[in-house]
Amino acid sequence: MKRFLLLLLTVVSLSASAQTSEPVLKFGFLSYTAALQSMSDYAIVESQMKELEAQYAAEQKRVEDEFNKKYEEFLDGQRDFPQTILQKRQTELQELLDKNIAFKKEGQRLLAEAREKAMQPLKARLADALARVGSSRGLAFILNTDVNAVPWMNITMGEDVTQAVIQSLR
């Protein structure tokens, strides 16, 4: 009986000490967008992207104007065209319209690709800053609070690391 009580006392003692020595899970949270936009290179990337977007918009406007001019010419002459010329012009207009739509879609894809490529070095620097801040503060993870990704959290159990990350980026 003494051995049983001694064993029971040891198990209870070990269990109590294990519960008190468990590490407390700490987390950080930040606005990823605010941290990204705080980087000096972000303004440069945005400026380059606006310039590229303007170039694509100008080309899109040019092809739309070209299409509109041809369409107006078609409308003006459609009563006088023989059937074969009318069909040829309709086909040309449809091909031009299809090319314009394809160009617009391809332009959007290329702009998104260019933005992602331009942002890669910034995102890599931000990831490094997050790792440094998270490690130095003993955090288990850092949550991105942008776009309602974390609709609720108990902020007393976490730490807002936005400013620490921004300082780490400078």
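Since we're looking at a predicted model, the values are computed, not measured. (Residues numbered from 1 in each chain as written. Predicted model: local features only at pLDDT ≥ 70, side-chain atom pairs only at ≥ 80, totals over all residues. Heavy atoms only, no water.)

Undergrad: Is there a simple way to explain the side chain of glutamate 46 in this structure?
TA: Inspection of the secondary structure puts glutamate 46 in helix H3 (residues 40–77). On the basis of relative accessibility, which here comes to 17%, the residue glutamate 46 falls in the buried class. With residues near it in sequence (within four places) discarded, glutamate 46 still touches Arg115 and Met119. (Helix = DSSP H or I, 4+ residues; strand = E, 2+ residues; numbered from the N terminus. Buried < 20%, exposed > 50% of the residue type's maximum accessible area, 1.4 Å probe, protein only. Contact = heavy atoms within 4.5 Å.)

Undergrad: Could you clarify how one ought to interpret the pattern of salt bridges in this entry?
TA: Any two side chains of opposite charge can pair if their charged atoms end up close together. Scanning all chains against the criterion turns up 11 salt bridges. Between glutamate 46 and arginine 115 there is a salt bridge, and its shortest N-O distance comes to 2.6 Å. Residue glutamate 46 is found in helix H3, and its partner arginine 115 is found in helix H4 (residues 83–136); the two are separated by 69 residues along the sequence. Between glutamate 159 and arginine 137 there is a salt bridge, and its shortest N-O distance comes to 2.1 Å. (Salt bridge = Lys/Arg side-chain N within 4 Å of Asp/Glu carboxyl O.)

Undergrad: Hey, could you run me through the packing of aromatic side chains in this one?
TA: Aromatic ring pairs are defined here through the distance separating the ring centres and the angle between the ring planes. Under the defined criterion, the tally for this structure stands at five aromatic pairs. Relative to phenylalanine 141, the ring of phenylalanine 27 has its centre 5.7 Å away and its plane inclined at 10°; by these criteria the two rings are stacked. With phenylalanine 27 in strand S1 (residues 27–30) and phenylalanine 141 in strand S2 (residues 141–144), this residue pair connects regions lying 114 residues apart in the sequence. Residue phenylalanine 141 is classed as partly exposed on the basis of its relative accessible area of 36%. Between the aromatic rings of tyrosine 71 and phenylalanine 74, the centroid separation amounts to 6.5 Å while the plane-to-plane angle is 25°, which identifies the pairing as stacked. Pair noted here: tyrosine 71 and phenylalanine 74 are both in helix H3, with a separation of three residues, about one helical turn. You can call tyrosine 71 partly exposed: its relative accessible area is 37%. Judged by its relative accessible area of 6%, phenylalanine 74 falls in the buried class. By the ring-pair criterion, three or more aromatic residues cluster together here, those being Phe27, Phe29 and Phe141. (Phe/Tyr/Trp six-rings, centres within 6.5 Å; stacked < 30°, edge-to-face > 60°.)

Undergrad: How do you make sense of H3 when you look at a structure like this?
TA: Every α-helical turn comprises 3.6 residues, leaving residues that sit three or four positions apart pointing alike. An ideal rise of 1.5 Å per residue puts 56 Å on 38 residues; H3 measures up with 57 Å between its terminal C-alpha atoms. Turning to H3, its buried residues are Tyr42, Val45, Glu46, Met49, Gln60, Val63, Phe67, Phe74 and Gly77. Considering only its buried residues, H3 is in contact with helix H2 (32–37) and H4. (Expected span 1.5 Å × (residues − 1).)

Undergrad: I would appreciate a short explanation of the environment of lysine 123 in the present structure.
TA: With respect to the helices, strands and loops of the structure, lysine 123 is situated in helix H4. Distance in space between the C-alpha atoms of lysine 123 and alanine 35 is 10.0 Å, their sequence separation being 88 residues. Setting aside residues up to four positions removed in sequence, lysine 123 forms contacts with Tyr32, Leu36 and Glu116.

Undergrad: What should I look at first to understand the packing of H3 against H4 in this one?
TA: Axes are the key here: two packed helices are described by the angle between their axes and the distance separating the axes. Between H3 and H4, the shortest axis-to-axis distance is 10 Å and the interhelical angle comes to 180°. Considering their axes alone, H3 and H4 lie roughly antiparallel with respect to each other. A class-by-class count of the residues in the contact of H3 with H4 yields 20 nonpolar, four polar and 10 charged. (Axes fitted to C-alpha atoms, helices over the stretch in contact; angles between N-to-C directions. Parallel < 35°, antiparallel > 145°, perpendicular 65-115°, else oblique. Nonpolar A, V, L, I, M, F, W, Y, C, P; charged D, E, K, R; others polar.)

Undergrad: I keep staring at helix H5 (residues 162–169) and nothing clicks. Help me out?
TA: Every buried residue of H5 is accounted for by Thr162, Ala164, Val165, Ile166 and Leu169. Against S1, H2, H4 and strand S3 (158–160) lie the buried residues of H5.

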